[in-house]
Amino acid sequence: MKNKVAVIGAGNVGASAALFVAERGLADVVLIDRPEMDGMPQGKALDMQQAATLWHKGGTITGATDLAAVKGANVVIMTAGFPRKPGMSRSDLLKANAEIIVPAAQAVKQHAPDAYVVVVTNPLDVMAWLFWKTTGFPKHRVVGMAGILDSARFRAFLAMELGVSGTDVQAMVLGGHGDSMVPLPKYTTVGGISVSDLVPADRLASIIERTRNGGAEIVKLLKTGSAYYAPAMSAVEMAEAILTDQKRLVPCSVLLEGEYGLNNLFIGVPVMLGGKGVEKIVPLQLDAAEQAALTKSARDVSEMIAELEGAAKAG
Ligand SMILES: NC(=O)c1ccc[n+]([C@@H]2O[C@H](COP(=O)([O-])OP(=O)(O)OC[C@H]3O[C@@H](n4cnc5c(N)ncnc54)[C@H](O)[C@@H]3O)[C@@H](O)[C@H]2O)c1
């Protein structure tokens, strides 16, 4: 195939993402894990390669345990990292996952210097910032996956409430990935009808609350590990938008330099995602409460970035 997608991290999210990329026939895929896991990514890739004979799209799926295998990738999906365990906050993941991001970003810079990067590793907004900072890539080439997943969860809960297809629910969720995300009911429609005309205010409030805790609800049910099918599919939606220049208008975590009154951080805002990555940041007129919620969410992200920068200086 013409394109190559490198998926770093062959765990639950990474393997599912590799499968979805291959099944959509988007690109050849290489699935990469750490050297201690030698055999695991290769075995999963071989299994998928055998499945590929049954979905008629062609393409190769290979496994590797050397980060140099990202060589020549058009898109890198970064999923390596520890998932959140029950009772563990995203901030707890900060230090451990930063130590995984930095060498991966250095390898991408060296071996795939023109790649577009979709970061999935948590805490998402901070890890996307760290990946961007480490590579020194232009800001339009590094983008974090959170808003598409958060809005997919909101859409799914609304679809379940109304008994309609999730495809017909459109929603916009801004802010950091986590408890401080900012769902925007005024931009949420079902078949073009404003959600507030269909769902009573108290029900809508509880659906928004469930969306905020969407990840934690699954962690609690699974007992080990965290959600991966919807996260992987969300990352692949982004890879597809880039590879096929779809110009999707979707919420993604991107570097802000003054937009929405925020600076030097990654956070979820509506963007146009196409062949040149983040082609545009779309401004929205937020009311005072929405802007305050976004600013608070940004403060959480900035605090974690400061914690990382502090640790880097001290170390
Ligand atoms: N942004 C989001 O919305 C979102 C959603 C779901 C999961 N996540 C995050 O994605 C990450 C992966 O989740 P998962 O469920 O796939 O976890 P997982 O434990 O199933 O897989 C993680 C994989 O990363 C690998 N890994 C660790 N260090 C590595 C390194 N240095 N190089 C290459 N591979 C390495 C591990 O061996 C493992 O196979 C976690 O940080 C999780 O919190 C984010």
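Please refer to the structure higher up on the page.
Rules of the game
Residues numbered from 1 in each chain as written. Predicted model: local features only at pLDDT ≥ 70, side-chain atom pairs only at ≥ 80, totals over all residues. Heavy atoms only, no water. Core = buried A, V, L, I, M, F, W, Y, C linked by side-chain atoms within 4.5 Å. Buried < 20%, exposed > 50% of the residue type's maximum accessible area, 1.4 Å probe, protein only. Contact = heavy atoms within 4.5 Å. Axes fitted to C-alpha atoms, helices over the stretch in contact; angles between N-to-C directions. Helix = DSSP H or I, 4+ residues; strand = E, 2+ residues; numbered from the N terminus. Parallel < 35°, antiparallel > 145°, perpendicular 65-115°, else oblique. Left-handed = near helix turned anticlockwise from the far one by under 90°. Nonpolar A, V, L, I, M, F, W, Y, C, P; charged D, E, K, R; others polar. 1 Å grid on protein atoms, 1.4 Å probe; cavity = no way out; pocket = protein on both sides within 12 Å on 5 of 7 lines; lining within 4 Å. Points joined across faces, edges and corners; volume = space filled by probe spheres on them. Polar contact = N/O pair within 3.5 Å; in protein donor to acceptor, adjacent residues only side chain to side chain. Arc of directions from axis to C-beta. Near = heavy atom within 4 Å. Areas by Shrake-Rupley, 256 points an atom, 1.4 Å probe, with all protein chains shown as cover. Sits in = over half its atoms within 2 Å of the grid points. Pairing = 2+ DSSP bridges.

**Student:** Sorry, what's going on with the nonpolar core here?
**Tutor:** In globular proteins that are soluble, nonpolar side chains generally tend to be buried together. Ranked by size, the top nonpolar core spans 94 residues in total, and within it Ile-8, Val-75, Ile-77, Val-108, Val-118, Phe-131 and Val-254 carry the most contacts. Setting aside its immediate chain neighbours within four residues, Val-254 contacts Val-143, Leu-265, Phe-266, Ile-267, Val-269, Val-271, Val-278 and Ile-281. Phe-154, Leu-158, Val-173 and Ile-207 belong to the second-largest nonpolar core, a separate cluster that totals 14 residues.

**Student:** Please clarify how the packing of helix α1 (residues 12-23) against helix α8 (residues 229-243) should be interpreted in this entry.
**Tutor:** Any two packed helices are characterised by how steeply their axes cross, that is the angle between the axes, and by the distance between the axes. As a packed pair, α1 and α8 sit with axes 8 Å apart at the nearest point and diverge in direction by 50 degrees. As the angle between them shows, α1 and α8 are arranged oblique. Where α1 crosses over α8, the two elements pack in a sense that is right-handed. Here Val-13, Ser-16, Ala-17, Phe-20 and Val-21 of α1 come into contact with α8, specifically with Tyr-229, Pro-231, Ala-232, Met-233 and Val-236. Considered class by class, the residues forming the contact of α1 with α8 number 9 nonpolar, 1 polar and no charged.

**Student:** Looking at this structure, I do not really get the layout of surface pockets. What am I missing?
**Tutor:** Once rolled over the atoms, a probe with the size of a water molecule shows which space is left empty. Size it by volume and the largest pocket reaches roughly 1,000 Å³. Lining the largest pocket are 44 residues, with Thr-79, Ala-80, Gly-81, Phe-82 and Pro-83 sitting closest to its centre. Among the secondary structure elements, those contributing two or more residues to the lining of the largest pocket are α1, α3 (94-111), α5 (147-162) and α7 (214-222). With 5 residues, the single largest contributor to the lining of the largest pocket is α3.

**Student:** Would you explain the side chain of Asp-33 in this entry?
**Tutor:** Among the secondary structure elements, Asp-33 is positioned in the loop between β2 (28-32) and α2 (40-52). Of the residues examined, Asp-33 reaches a relative accessible area of 13% and is grouped as buried. In this structure the side chain of Asp-33 is engaged in a polar contact, spanning 2.7 Å, whose partner is the backbone nitrogen of Ala-10. If we ignore the near neighbours within four places in the chain, the residues touching Asp-33 are Gly-9, Ala-10, Gly-11, Met-40, Pro-41, Ala-64, Thr-65 and Asp-66.

**Student:** Explain α7 here, please?
**Tutor:** Spacing of three or four residues puts side chains on the same side of an α-helix, whose turn is 3.6 residues. Within α7, burial applies to Gly-214, Gly-215 and Val-219. The buried residues of α7 occupy one face: seen down the axis, they fall within an arc of 135 degrees. Residues of α7 that are exposed and point more than 90 degrees away from the buried face comprise Lys-220 and Leu-221. Against the buried residues of α7 lie α5 and α6 (201-212). Within two residues after α7, Lys-223 carries a phi angle of roughly 70 degrees, on the positive side.

**Student:** Would you take a moment to explain the site of the ligand for this structure?
**Tutor:** What surrounds the ligand is a group of 26 residues, the closest being Asn-12, Val-13, Asp-33, Val-120 and His-177. Here Asn-12 contributes a backbone N or O atom positioned 2.8 Å from an oxygen atom of the ligand. Asn-122 has a polar side-chain atom sitting 3.0 Å from an oxygen atom of the ligand. Protein chains shield 88% of the accessible area of the ligand, which is 860 Å² for the free molecule. In this structure, the ligand is accommodated by the largest pocket. The class makeup of the residues in the shell around the ligand is 14 nonpolar, 9 polar and 3 charged.

**Student:** Help me understand the pairing of strand β4 (residues 75-78), please; the structure alone is not making it clear to me.
**Tutor:** One face of the sheet, then the other: side chains in a regular strand alternate in exactly this way. What you see with β4 is no split at all: Val-75 and Ile-77 on one side and Val-76 and Met-78 on the other are buried throughout. Bridge count for strand β1 (residues 4-8) against β4 is 4 bridges, and the pairing is parallel. Along β4, the bridge assignment pairs Ile-8 with Met-78. When β4 meets strand β5 (residues 116-119), the two strands line up parallel, connected through 4 bridges. From the neighbouring strand, Met-78 faces β5, where its bridge partner is Val-119.

**Student:** Could you clarify how one ought to interpret unusual backbone geometry in this entry?
**Tutor:** Glycine aside, the phi torsion of most residues is negative, and most peptide linkages are trans. With an omega of -5 degrees, the peptide bond running from Asn-122 to Pro-123 counts as cis. Tracing the sequence through the fold places Pro-123 in the loop between β5 and α4 (124-135). The phi angle at His-56 is positive, at roughly 60 degrees, despite the residue not being glycine. One can find His-56 in the loop between α2 and β3 (61-64). In the Ramachandran plot, Asn-264 falls in the positive-phi region, its phi being about 50 degrees despite a non-glycine side chain.

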